[in-house]
Amino acid sequence: MTTVSAEQQARETHLVAQVLRSFESCDNPRLLELVHALTRHLHDFAREVRLSEREWTAAIEFLTAAGHITDDRRQEFILLSDVLGLSMQTIAINNEADGDATEATVFGPFFVDNSPAIEVGGDISRGAVGEPCWVDGTVTDNAGKPLAGARIEVWEADADGFYDVQYDDERSAARAHLFTDAEGRYAFWALTPTPYPIPHDGPVGRLLAATGRSPMRASHLHFMVTAPEKRTLVTHIFVRGDELLGSDAVFGVKESLIKDFGLQTPGTPTPDGRDLTGQAWSRVRFDIVLADAARAPSSTSVARTP
Ligand code: BEZ
Ligand code: FE
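Residues numbered from 1 in each chain as written. Chains lettered and ligands numbered in written order. Predicted model: local features only at pLDDT ≥ 70, side-chain atom pairs only at ≥ 80, totals over all residues. Heavy atoms only, no water.

**Here's the deal with the nonpolar core**
Here is the rule: Put simply, a nonpolar core is a bunch of buried Ala, Val, Leu, Ile, Met, Phe, Trp, Tyr and Cys residues held in one set by side-chain atoms that sit within 4.5 Å of each other. The classification of residues rests on relative accessible area computed with a 1.4 Å probe and restricted to protein chains. Under 20% of the type maximum is buried, over 50% is exposed, and intermediate values are partly exposed. Any two residues whose heavy atoms approach within 4.5 Å are treated as being in contact.
Ranked by internal contacts, the top residues of the largest apolar core, which has 38 residues, are Val135, Val139, Tyr186, Phe188, Phe223, Val225 and Ile288. Once residues lying within four places of it in the same chain are set aside, the contact partners of Val225 are Val139, Ala150, Arg151, Ile152, Arg231, Thr232, Leu233, Ile288 and Leu290. Counting residues in hydrophobic clusters, the runner-up holds eight residues, among them Phe110, Phe111, Tyr163 and Tyr196.

**Notes on unusual backbone geometry**
Where the residue is not glycine, phi is negative for most of them; where a peptide bond is considered, it is trans in most cases. This is how it is decided: A run of DSSP states H or I qualifies as a helix once it reaches four residues; a run of E qualifies as a strand once it reaches two. Both are numbered from the N-terminal end.
In this model, Asn114 sits at a positive phi of 60°, which is unusual for a non-glycine residue. Along the chain, the position of Asn114 falls in the loop between helix H5 (86-94) and strand S1 (132-141). On the accessibility criterion, Asn114 (75% relative accessible area) is exposed. Backbone geometry places Phe251, a non-glycine residue, at a positive phi of 60°. Mapped onto the elements, Phe251 comes out in the loop between strand S8 (233-239) and strand S9 (258-259).

**Some words on a nonpolar patch on the surface**
Applied cut-off: Here the term patch refers to residues with relative accessible area over 30% and no salt bridge, with like charges joined within 9 Å and nonpolar side chains (Val, Leu, Ile, Met, Phe, Trp, Tyr) within 5 Å. Accessible areas in this description were obtained via Shrake-Rupley with a 1.4 Å probe; residue shielding takes into account the shown protein chains only. Take a side-chain nitrogen of Lys or Arg and a carboxyl oxygen of Asp or Glu: if they are within 4 Å of each other, that pair is a salt bridge.
A cluster of nonpolar side chains, contributed by Phe45, Val49, Leu51, Trp56 and Ile60, occupies part of the molecular surface with about 470 Å² of accessible area. Positionally, Trp56 belongs in helix H3 (residues 53-69).

**As for the packing of aromatic side chains**
For clarity, the cut-off: Stacked, edge-to-face and tilted labels apply to pairs of Phe, Tyr and Trp rings (six-membered ring for Trp) whose centres lie within 6.5 Å, assigned for plane angles under 30 degrees, over 60, and everything in between, in that order.
Under the defined criterion, the tally for this structure stands at twelve aromatic pairs. Look at Trp134 and Trp189: their rings are 5.3 Å apart centre to centre, the planes differ by 65°, and that puts the pair in the edge-to-face class. Of this pair, Trp134 sits in strand S1 while Trp189 sits in strand S4 (residues 185-191), and the two are 55 residues apart along the sequence. Arranged with centres 4.9 Å apart and planes meeting at 75°, the rings of Phe223 and Phe286 form a pair that is edge-to-face.

**Observations regarding the pattern of salt bridges**
Applying the stated criterion across every chain yields a total of 19 salt bridges. Two residues, Arg74 and Asp201, come together in a salt bridge whose shortest N-O distance is 2.8 Å. One end of the pair, Arg74, is in the loop between H3 and helix H4 (76-83); the other, Asp201, is in the loop between strand S5 (196-197) and helix H6 (203-210), with 127 residues separating them in the sequence. A salt bridge links Arg171 to Asp169, with the nearest nitrogen and oxygen atoms 2.7 Å apart. For Asp169, a relative accessible area of 39% gives the class partly exposed.

**Focus on H4**
Test applied: Nitrogen and oxygen atoms within 3.5 Å of one another constitute a polar contact, given that in protein one can donate a hydrogen and the other can accept it, and given that sequence-neighbouring residues count only through two side-chain atoms.
Across the eight residues that make up H4, a large majority, six, are buried. For H4, the complete set of buried residues consists of Glu76, Leu79, Leu80, Ser81, Asp82 and Val83. In this structure, the buried side of H4 is in contact with H3, H5 and H6. The distance from a side-chain oxygen at the start of H4 to the backbone nitrogen of Phe77 is 2.9 Å, and the residue carrying that oxygen is Gln75. Taken from the residues just after H4, Gly85 is the one with a positive phi, measuring 80°.

**Regarding the pairing of S1**
As a general feature of sheets, a regular strand has side chains that alternate between the two faces. This is how the line gets drawn: Strands pair, by our definition, only if DSSP identifies at least two bridges between them.
The buried count for S1 comes to ten of ten residues, which makes it a mostly enclosed element. Across the two faces of S1 the burial is the same, with Pro132, Trp134, Asp136, Thr138 and Thr140 and Cys133, Val135, Gly137, Val139 and Asp141 all buried. With seven bridges connecting them, S1 and S4 associate as antiparallel partners. Bridge pairing links Thr138 to Arg185 in S4. Relative to strand S11 (residues 281-285), S1 runs parallel, the two being bridged by four bridges. Paired with Asp136 across the bridge in S11 is Arg285. Relative to strand S12 (residues 288-290), S1 runs parallel, the two sharing three bridges. Note that in S12 the partner of Val139 across the bridge is Ile288.

**Overview of the sheet that holds strand S3 (residues 175-179)**
What the five strands build is an open sheet, ordered S3-S2-S7-S8-S9; its pairing is mixed. In this open sheet, the two edge strands, each paired with only one partner strand, are S3 and S9. Pairing geometry for strand S2 (residues 151-155) and S3, over five bridges, is antiparallel. Within the sheet, the bridge partner assigned to Glu153 lies in S3 and is His177.

**Digging into the coordination of the iron ion (ligand 2)**
How we decide: The donor set covers N, O and S atoms within 2.8 Å of the metal, switching to 3.2 Å for Na, K and Ca, and it leaves out water, so a site may look short of donors. Angle rules define the geometry names used: all angles between 85 and 135 degrees makes four donors tetrahedral, while opposite donors over 155 degrees apart and all other angles between 65 and 115 make four donors square planar and six octahedral, leaving every other case irregular.
Protein coordination at the iron ion (ligand 2) comes from Tyr163 (OH), Tyr196 (OH), His220 (NE2) and His222 (NE2), with a distance range of 1.9 to 2.1 Å. In this structure, the iron ion (ligand 2) is coordinated by six donor atoms arranged in irregular fashion, with angles at the metal of 53 to 171°. In the primary sequence, the donor residues of the iron ion (ligand 2) line up as Y-x32-Y-x23-H-x1-H.

**Let's talk about the site of ligand 1**
Note the cut-off: Whether a residue is near a molecule or strand depends on its heavy atoms: it is near if one of them lies within 4 Å of it. Only protein atoms enter the 1 Å grid used here, on which a cavity is any set of points holding a 1.4 Å probe that cannot leave and a pocket is any open set flanked by protein within 12 Å on both sides along at least five of seven lines; residues with an atom within 4 Å of a point are listed as lining. If over half the atoms of a molecule are within 2 Å of the grid points of a cavity or pocket, the molecule is regarded as sitting in it. Amino acids are sorted into nonpolar (Ala, Val, Leu, Ile, Met, Phe, Trp, Tyr, Cys and Pro), charged (Asp, Glu, Lys and Arg) and polar (every other residue, Gly among them).
Surrounding ligand 1, one finds Leu79, Asp82, Gly108, Pro109, Phe110, Tyr163, Tyr196, Ile198, Arg217, His220, His222 and Val250. In this structure, Arg217 approaches ligand 1 through a side-chain N or O atom, which is 2.6 Å from an oxygen atom. Considering ligand 1 on its own, with 260 Å² of exposed area, one finds that the protein chains cover 100% of that surface. Among the cavities detected, the one that contains ligand 1 is the largest cavity. Breaking the shell around ligand 1 down by element, the ones donating at least two residues are H4 and strand S7 (220-226). Across the shell around ligand 1, the residue classes break down as seven nonpolar, three polar and two charged.

This is the structure:
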């Protein structure tokens, strides 16, 4: 660690105090708290690592490149937040543990509004390649009461590792929404999840490569579940036994979300009598518990602008 003279330390702390004071006419207490903490942590960071001017320039160039590659379909800043674990930290802070409520995980860039509707027992794959997978379970509240009519959005990559929106055509596949029945039950056909890399052809990919990290995500199936007066749940389920569980590029894996995807040999009768013409398939059960909406934090008005 570099030793810094008393005079040098005084200059550096004086600057921090000056910047903190510059915000004193801010009349939004939450914004003030945010900019003060940001200033303190940024300066602490620069001083701790003794940031060189070259490194500062490289950081600016990195952020500029992230801006240039960002458009309506690609959001490199969220990807950066994801690979730094900031997205998962924010999710942890905002989805406090509440009894048996199902844990949340990262949203990811591939959700699309207005997905097709399917009936309970329908098929989300609609032409996407992959091994069929039967998914079923219930949606209940924390007291075990079934939630009828809960909306379940599901989406996933195909067996080639791509979401529909990553293809150049206008296809919509491997995504849908459905509603739980009167007993809070749901079921659908999907694809057995397979691993795929996060978009890594930009600055975030270069950061991962430079630091010896893999861009791969553990195999998963995305869910977003909503019901009146319940906290919206954004989550995935992961495949027990997947070797990427311990090194997911965005730190999304939680033990409670790892599920047994039972492999069924060709010819095994399917739950709904569907004829899979001798194909292997898998099945998984995922019982979802929604927390009360009242558990959502209300004080963090980050979206409030000056
Ligand atoms: C995904 O799971 O779809 C995803 C999540 C974070 C970053 C990139 C992809
Ligand atoms: Fe994903």
